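# Fold and contact review
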Amino acid sequence: MTTPILHRAPWVVPVAGPALPDGAVLVRAGRIVETGPFAALTGKYPDAGLREHPGRALTPALINAHIHLELSHLFITALKERVAGFTDWIATLLDLRLSHQATGDEIEAAARAVLARQQEQGVIALGDIGNTDLGSRLAPEFSGFLRHFQEFLGRSAKTRRSVQAQLAAMPDDRLCCAHAPYSTHPELIRSLKERARRLRHPFPIHVAEPDSEAEMLSRGSGELFSFLDGRRFLEHPYQPPAPIDNPGSVRYLHDLGILDPLTICVHAVHVAPEEIRILADTGARVCLCPGSNRYLGVGTAPVAAYLASGILPALGTDSVASNPELSLWREMRLLRADHTAIEPAQVFAMATLGGAVALGLAEECGSLSPGRTGRMLAIPLREECKSAAQLYDLLTRFNHNLQPEWVND
Ligand SMILES: [Zn+2]
């Protein structure tokens, strides 16, 4: 039988419970058996091997719940001319995707480099969205959980028929999702969600990222509507699918029957108070992308209201097409800068447990609870932390050069 190892550190951050000074985590055969004060665990498990992590905090590895690996070669954020808002960004992304002469190998190499960097930064699980199967091909190389969702969008009857045919041929273990209410016909969103619900798969969808989405859905007007209409993307005549008094995209998805605990509303920036109640009542998940939101200038999500409603959001970086740096550490820092009243402990919980719950991985990772993976992080603390509050403050304001160490056994 494998000898259990007792990992001891000045601070242990279980996330599912309070931070422990002079804490310990007992790991046997790659799984956590117990987390608690060192004094208690060393007495209870006298035969365990001891591994000390001086000057470090032991924490769960991070979860990046929203990324697009297949866009890793499209550095829109590095372009000289900054995009002028959401629709300009879509136009730039579409044009760049068409004009970029990247080969499949180059795209794959860029995605692989992003994935390696995520791992170096302490990410154990990702929710990857793509229109190709690149993410699922890379999944076996990632020593963690790479959940790849094949994304569909489109509004025409022809596209809907084609997607239905593809879905019918899709193996049950492939995860599929819809892009966004503005880009995807309601019947297509419904079919994709029905498949995900039948298979008990998580179902991410971009929701309420620009404020013009709600106006398009309920009135058939506004910046997003004009942009898509100008690109001949919309069916004619376009019938706004939501009633005129619709407050937003979350209400719209609720009326479509899409929201349940397996649905992940990504971005969820422009969400009215009554819609936050809907999210809380249905148990739908939220994934915030503060870095991408900031770059695109779409606003900030109502994070305090989510937390007050009992919703623990997940965090995602989105891709290099809308975020100059893909780092969950930076996302935590930006979230705190945008929402100064939020407790740092809650921000750290978003980057770990929130993501694990959203991706259906909470039994595997996201906390240092019994049964979870023993692959955790040992984070060098640059200053002595005298209180849990000081520790969480430090953990959520690291800059990009942080190199956490992996604890692998
Ligand atoms: Zn996205």
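Presented here is a report on the structure given in the accompanying data block. (Residues numbered from 1 in each chain as written. Predicted model: local features only at pLDDT ≥ 70, side-chain atom pairs only at ≥ 80, totals over all residues. Heavy atoms only, no water.)

## Re the overall build of the protein
Formally: Per the convention used, a helix needs a DSSP run of H or I reaching at least four residues, while a strand needs a run of E reaching at least two, with both numbered from the N terminus. Only the C-alpha atoms count toward the radius of gyration. The rule for a globule is 2.2 Å times the residue count to the power 0.38. The cut-offs for exposure are 20% and 50% of the maximum accessible area for each residue type, with area from a 1.4 Å probe on protein chains only; residues under the lower value are buried, those over the upper are exposed, and the others partly exposed. Any two residues whose heavy atoms approach within 4.5 Å at even a single point are treated as in contact. All accessible areas in this document rest on Shrake-Rupley with a 1.4 Å probe, and a residue is counted as covered only by the protein chains that are shown. In this count, Lys and Arg are taken as positive residues and Asp and Glu as negative ones, while His and the chain termini are left out. Positions of charges follow a simple convention, taking NZ of Lys, CZ of Arg, CG of Asp or CD of Glu.
Within the protein, the secondary structure is distributed over 15 helices and 15 strands. Scaling as 2.2 N^0.38, a compact globule of 409 residues should have a C-alpha radius of gyration of about 22 Å, and the protein matches this with 22 Å. With the principal axes as the frame, the protein shows a C-alpha extent of 75 × 45 × 45 Å. In the protein, which comprises 409 residues, the proportion classed as buried is 57%. When contacts within the protein are restricted to residue pairs at least 6 apart in sequence, long-range pairs at least 24 apart make up 70% of them. Total accessible area on the protein stands at roughly 16500 Å², and carbon and sulfur atoms take up 52% of it. Distance between charge centres in the protein, computed from 39 positive and 45 negative side chains, equals 2 Å.

## A closer look at the sheet that holds strand 11 (residues 263-267)
Our working definition: Pairing between two strands is assigned when DSSP locates at least 2 bridges connecting them.
Sheet architecture is open: four strands sit in the order 10-11-12-13, paired in parallel fashion. The outermost strands of the open sheet, each flanked by one partner alone, are strand 10 (203-207) and strand 13 (314-315). Pairing geometry for strand 12 (residues 285-288) and strand 13, over two bridges, is parallel. When the sheet's bridge partners are listed, cysteine 287 is paired in strand 13 with alanine 314.

## A few points about the side chain of threonine 35
Mapped onto the secondary structure, threonine 35 falls in strand 3 (residues 31-37). In this structure threonine 35 touches Val12, Pro14, Leu20, Ala24, Val25, Leu41 and Leu368, once residues within four positions along its chain are discounted.

## A look at the pattern of salt bridges
When the charged atoms of two side chains with opposite charge come close together, those side chains can pair. The condition that has to hold: Just to be clear on terms, a salt bridge is a Lys or Arg side-chain nitrogen sitting within 4 Å of an Asp or Glu carboxyl oxygen.
Scanning all chains against the criterion turns up 25 salt bridges. Put simply, aspartate 22 and arginine 8 hold a salt bridge, and the shortest N to O gap is 2.9 Å. Of this pair, aspartate 22 sits in strand 2 (residues 20-28) while arginine 8 is found in strand 1 (residues 5-12), placing the two residues 14 residues apart along the sequence. Notably, a salt bridge pairs arginine 137 with glutamate 108, separated by 2.8 Å at the nearest N-O pair. Note that arginine 137 is positioned in helix 4 (residues 134-138) and glutamate 108 in helix 3 (residues 104-120), a separation of 29 residues in sequence. What makes arginine 137 partly exposed here is its relative accessible area of 44%. Residue glutamate 108 is classed as buried on the basis of its relative accessible area, which comes to 19%. Sharing partners across several salt bridges, the network here consists of Glu108, Arg112, Asp133, Arg137 and Glu141.

## Brief notes about the layout of surface pockets
As a reminder of what qualifies: Put simply, the grid is 1 Å and covers the protein atoms alone, a cavity is a trapped set of points that fit a 1.4 Å probe, a pocket is an open set with protein on both sides within 12 Å along at least five of seven lines, and lining residues have an atom within 4 Å of a point. Grid points are joined across faces, edges and corners, and a volume is the space filled by probe spheres set on the points. We call Asp, Glu, Lys and Arg charged. Ala, Val, Leu, Ile, Met, Phe, Trp, Tyr, Cys and Pro are nonpolar, and the rest, Gly among them, are polar.
Approximately 580 Å³ is the volume found for the largest pocket. As for the largest pocket, its lining consists of 27 residues, of which Ile90, Leu93, Leu94, Leu153 and His179 are closest to the centre. Secondary-structure elements contributing two or more residues to the lining of the largest pocket are helix 2 (86-99), strand 7 (123-130) and helix 8 (223-230). Classifying every residue of the lining of the largest pocket by side-chain character gives 12 nonpolar, nine polar and six charged.

## Topic: the packing of helix 13 (residues 328-338) against helix 14 (residues 344-358)
We count it as follows: An axis is simply a line fitted to the C-alpha atoms; with a helix, the fit covers only the stretch in contact. Between two such axes, the angle follows the N-to-C directions and lies from 0 to 180 degrees. Each helix crossing is assigned a hand: it is left-handed if the near helix lies turned anticlockwise from the far helix by less than a right angle, otherwise right-handed if that turn is clockwise.
One way to put it is that helix 13 packs onto helix 14 with a least axis distance of 10 Å and a crossing angle of 145°. As for the relative orientation of helix 13 and helix 14, their crossing is right-handed in sense. Each of Leu328, Trp329, Met332, Leu335 and Arg336 in helix 13 lies in contact with helix 14, whose residues at this interface are Pro344, Val347, Phe348, Met350 and Ala351. Of the residues in the contact of helix 13 with helix 14, the class split is nine nonpolar, no polar and one charged.

## A look at the coordination of the zinc ion
This is how the line gets drawn: Coordination shells were defined by N, O and S atoms within 2.8 Å of each metal, extended to 3.2 Å for Na, K and Ca; water is absent from the atom set, which can make sites look incomplete.
Donor atoms from the polypeptide that bind the zinc ion are His66 (NE2), His68 (NE2), His206 (NE2) and Asp318 (OD), placed at 2.1 to 2.7 Å. In primary-sequence terms, the residues that donate to the zinc ion follow H-x1-H-x137-H-x111-D. Of this pair, histidine 68 sits in the loop between strand 6 (62-67) and helix 2 while aspartate 318 sits in the loop between strand 13 and helix 13, and the two are 250 residues apart along the sequence. Accessibility expressed as a relative area gives 10% for histidine 68, which makes it buried.

## Some thoughts on the pairing of strand 2
The side chains of a regular strand alternate between the sheet's two faces. Bridge analysis of strand 1 against strand 2 gives seven bridges, and the strand direction is antiparallel. By the bridge assignment for strand 2, arginine 8 is matched with alanine 24. Where strand 2 and strand 3 come together, six bridges link them in antiparallel fashion. The partner of alanine 24 across the bridge, within strand 3, is glycine 36.

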